[in-house]
Amino acid sequence: MQIPVIDLAPYLESSSNSSSTAELEANSNLKSLCSEVSRTLKETGALLVKDPRCSAEDNDRFLDMMEKYFEMPDDFKRRQERPQLHYQVGVTPEGVEVPRSLVDKEMQEKLRSMPIESQPSRPAGPDPKWRYMWRVGPRPSSTRFKELNSEPVIPEGFPAWKDTMDSWGYKMVSAIEVVAEMAAVGFGLQKDAFTSLMNQGPHLLAPTGSNLKRHGQMGTVFAGYHYDLNFLTIHGRSRFPGLNIWLRNGQKMEVKVPLGCLLIQTGKQIEWLTAGECIAGMHEVAVTDRTIEAMKVASDENRSLWRVSSTLFGHIASDAILKPLGHFAESPLASKYPPMCAGEFVELELAVINLKGRKEEAS
């Protein structure tokens, strides 16, 4: 099964004329496009989109800067580490993030029952990748979850850092918002059902850096089998392949992002809001044959051997309530998704993957 590529341009042109939900539903072409978005997210947990506002050149500019940053000495990078803030801003060193498959007993049982060809790679320990968290967009002036809405950290010696991060981050959030509107319409909700809850959410531009010179052996797992705790995740195209996803039917699939496209993945918060109509997409990043081929080309061209992911986590606002929306509240599965503050949900999830626990150890 191939993940379809959705061109957002027709919807953007329509929304510039302030189309209401009813007007969108009356336009058969747009309604069909919105239905394809919701159906694909439901069936695969992933979606490829082409957004005319997000160019391949924008992605390259971002990757160039992040490669330069991750190539800096570890001592330099650790100056941007903020464990006391759950690593929700600044850098997270390699060896901190723990894949859920290592600590979740129920998930481990599920993995053992999978067909061999669909089983994920088995990580030996915490992920050997670095990550940088950069907040994108306005934060609430008053919130119960101040640590999830902290001020950003800017490394010294990178004068274009803020402009580059903000520019790419805002474009990626804008793409998520369009997909969220289209998905809402496709699911039979008001078009702002999701985006109204995203307003002032703790969106995080969160590129990872994996040192292929050090960890480039076949089968090395950079991000063990896991789901994302947020609403929707968006990735620009990486210069090194290695992302595997699992479709809802359990099929394992290596993702190939076409040039100029973005990959969207479902997170746990959209699962909550749809009472399991969408489920959080499982995925991993590991060194594959295609990764090694890309490494050889990069070495021949004297390019960086840091694998940078151009990743942004789109969140529901921390003080908003997560609960099944609209007709999803009538689902027989709705009781599995009780009302909960999004910020509380995030903190519970962070405790499982060790980011919150590290904060308490450091204090």
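Here we summarise the structure given alongside this text. Computed from a predicted structure; not experimentally measured.

### So, the pairing of strand β12 (residues 282-286)
1) Next: Most of β12 sits inside the fold, with five of its five residues counted as buried.
2) Next: Here β12 shows two buried faces, one formed by Met282, Glu284 and Ala286 and the other by His283 and Val285.
3) Next: In terms of strand pairing, strand β7 (residues 221-226) meets β12 through three bridges, oriented antiparallel. Considered in β12, the bridge of Val221 is made with Ala286.

### Some points on the sheet that holds β12
1) Next: Here four strands make up an open sheet; going across it, the order is β7-β12-β9-β10 and the pairing antiparallel. Since the sheet does not close on itself, it has two edges, and those belong to β7 and β10 (252-254), each with one partner. Taking the axes of each pair of neighbouring strands and ignoring which way they run, one obtains an average angle of 20 degrees across the sheet.
2) Next: By the bridge criterion, three bridges tie strand β9 (residues 243-246) to β10 in an arrangement that is antiparallel. Across the sheet, Trp246 pairs through a bridge with Lys252, a residue of β10.

### So, the nonpolar core
1) Next: One finds Met66 and Phe194 to be the most contacted residues of the largest nonpolar core, which totals 77 residues.
2) Next: Broken down by element, the residue count for this core peaks at 14 residues, all from helix α8 (residues 161-186).
3) Next: Filtering out sequence-adjacent residues up to four positions away, Phe194 remains in contact with Ala180, Ala183, Ala184, Phe187, Leu189, Phe231, Ile270, Leu273, Thr274, Ile316 and Leu325.
4) Next: Core analysis: the next-biggest nonpolar cluster, separate from the first, contains 21 residues, Phe240, Met253, Val257 and Leu305 among them.

About the thresholds
- Residues numbered from 1 in each chain as written.
- Predicted model: local features only at pLDDT ≥ 70, side-chain atom pairs only at ≥ 80, totals over all residues.
- Heavy atoms only, no water.
- Buried < 20%, exposed > 50% of the residue type's maximum accessible area, 1.4 Å probe, protein only.
- Helix = DSSP H or I, 4+ residues; strand = E, 2+ residues; numbered from the N terminus.
- Pairing = 2+ DSSP bridges.
- Axes fitted to C-alpha atoms, helices over the stretch in contact; angles between N-to-C directions.
- Core = buried A, V, L, I, M, F, W, Y, C linked by side-chain atoms within 4.5 Å.
- Contact = heavy atoms within 4.5 Å.

Coordinates in, geometry out; function isn't part of it.
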